[in-house]
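A look at the structure
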Amino acid sequence: THEFKTPIATISLASDSMISPKISGDPEKVRRFANIIQQENKRMNAQVEKVLQMALLEKEDFNLKVSELNLHEIIDRAVENFGLQVEKREGTARAELLATRPIIQGDATHISNVINNLLDNANKYSPEKPEISVHTRNVPNGVEVIVKDRGLGMTKEAKKHIFDKFYRVHTGNLHDIKGFGLGLSYVKAIMTAHNGQIDVKSELGKGSSFILTFPNQLDNS
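What comes next concerns the included structure. Here the structure is a predicted model, which means the values were calculated and not measured. (Residues numbered from 1 in each chain as written. Predicted model: local features only at pLDDT ≥ 70, side-chain atom pairs only at ≥ 80, totals over all residues. Heavy atoms only, no water.)

Glancing now at helix α5 (residues 108–124). The end-to-end C-alpha distance of α5, which contains 17 residues, comes to 24 Å, matching closely the 24 Å that a straight helix rising 1.5 Å per residue would cover. Most of α5 is tucked away, with 13 of its 17 residues classed as buried. For α5, the N-terminal cap is Asp 107; the gap from its side-chain oxygen to the backbone nitrogen of Thr 109 is 3.0 Å. (Helix = DSSP H or I, 4+ residues; strand = E, 2+ residues; numbered from the N terminus. Expected span 1.5 Å × (residues − 1). Buried < 20%, exposed > 50% of the residue type's maximum accessible area, 1.4 Å probe, protein only. Polar contact = N/O pair within 3.5 Å; in protein donor to acceptor, adjacent residues only side chain to side chain.)

Another aspect to go through is the pattern of salt bridges. Summed over all chains, the structure comprises ten salt bridges. We note a salt bridge from Glu 40 to Arg 43, for which the minimum N-O separation is 3.1 Å. With Glu 40 and Arg 43 both in helix α3 (residues 27–58) and three residues apart, the pair spans about one turn of that helix. In terms of burial, Glu 40 and Arg 43 fall into one category: buried. (Salt bridge = Lys/Arg side-chain N within 4 Å of Asp/Glu carboxyl O.)

A general feature of soluble globular proteins is that nonpolar side chains tend to end up buried together. Within the largest apolar cluster, 35 residues are counted, with the highest numbers of intra-cluster contacts made by Ile 115, Leu 119, Val 145, Phe 210, Leu 212 and Phe 214. Per-element accounting of this core gives the leading share, seven residues, to helix α4 (residues 71–88). Not counting the four nearest positions on each side in its chain, Ile 115 is found in contact with Ile 74, Ile 75, Ala 78, Val 145 and Leu 212. Ala 14, Ile 23, Phe 33 and Leu 84 belong to the second-largest nonpolar core, a separate cluster that totals six residues. (Core = buried A, V, L, I, M, F, W, Y, C linked by side-chain atoms within 4.5 Å. Contact = heavy atoms within 4.5 Å.)

What follows deals with the packing of α4 against α5. Put simply, α4 and α5 touch, their axes get as near as 10 Å, and they point 35° apart. For the crossing formed where α4 meets α5, the hand is right-handed. Note on element contacts: α5 touches α4 through Ile 111, Ser 112, Ile 115, Asn 116, Leu 119, Asp 120 and Asn 123, opposite Leu 71, Ile 74, Ile 75, Ala 78, Val 79, Phe 82, Gln 85 and Val 86. When grouped by side-chain class, the residues that make up the contact of α4 with α5 number ten nonpolar, four polar and one charged. (Axes fitted to C-alpha atoms, helices over the stretch in contact; angles between N-to-C directions. Left-handed = near helix turned anticlockwise from the far one by under 90°. Nonpolar A, V, L, I, M, F, W, Y, C, P; charged D, E, K, R; others polar.)

Scanning the model with the defined rule gives one aromatic pair in all. Taken together, a centroid distance of 6.4 Å and an interplanar angle of 85° make the contact between Phe 163 and Phe 210 edge-to-face. One end of the pair, Phe 163, is in the loop between α6 (156–161) and α7 (183–193); the other, Phe 210, is in strand β7 (residues 207–215), with 47 residues separating them in the sequence. Accessibility expressed as a relative area gives 19% for Phe 163, which makes it buried. The side chain of Lys 188 reaches across the aromatic face of Phe 163, ending 5.7 Å from its centre. (Phe/Tyr/Trp six-rings, centres within 6.5 Å; stacked < 30°, edge-to-face > 60°. Lys NZ or Arg CZ within 6 Å of the ring centre and 35° of its normal.)

Our focus in this paragraph is the environment of Lys 88. Turning to its location among the elements, Lys 88 is positioned in helix α4. Along the sequence, Lys 88 and Leu 13 sit 75 residues apart, while their C-alpha atoms lie 8.7 Å from each other.

Before going further, it helps to examine the side chain of Asn 116. Note on placement: Asn 116 falls in helix α5. What Asn 116 contacts, discounting residues up to four positions off in sequence, is Arg 43 and Ala 78.

Moving on: the sheet that holds strand β2 (residues 92–97). Strand order across the open sheet formed by five strands is β2-β4-β5-β7-β6, with mixed pairing between neighbours. Each edge of the open sheet carries a strand with a single partner, namely β2 and β6 (197–203). Across the sheet, the mean angle separating the axes of adjacent strands is 15° when strand polarity is ignored. Here strand β5 (residues 142–148) runs beside β7; their pairing, made up of seven bridges, is antiparallel. Along β7, the bridge assignment pairs Glu 144 with Thr 213. The strands touched by α4 within the sheet are β2, β4 (131–139), β5 and β7, with β2 carrying the most contacts at an inclination of about 165°. (Pairing = 2+ DSSP bridges.)

Below, the discussion takes up the environment of Lys 29. Secondary-structure assignment places Lys 29 in helix α3. In this structure Lys 29 comes out as partly exposed when scored by relative accessible area, which is 41%. Separated by eleven residues in sequence, Lys 29 and Met 18 have C-alpha atoms that sit 7.9 Å apart.

What follows is the structure, encoded as structure tokens:
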């Protein structure tokens, strides 16, 4: 359900902003928020498809809709839409896209879900004024994407298990935090399906970095 809560929350923030007198008289701002609502609505439709795909992932019996993708376009859209949520918490979300060859082969819906999922976790595990960034760079035969936060971080023990299904990081008294849960097991499965890799660097109290490596060419032969 948390996969649906994030776009619903963003749509709610955007619609509240649009009916505010400060915004409603500014066509440019109205256009911005309407565009965010439109994008998040598309994302919710994609999430419905993802719920169905999860059942197939369990059986390792699912088909990727592969096309040529620009990772930077996917990241820019995700960070722009996600920005509303961290702005509300006096935080920031920014992209530092340094890869000169950001084109990969992959499934746009699933890869977009992966980025949004990691942004969502970064926000949830940042207690106040989140500082979230997404970085890209080229690596041999591929693109590296790092989603970084300065939040709670994790113990070595938690790092061993975060990609296990239904594992949830212990957060002491912060009972309002939901998941990791299914999210990261899904992210791991999608990266594997794209012949990619996922790794995490984290230190308790200092934040986490999730490192994704996508190959430029998806060779399933």
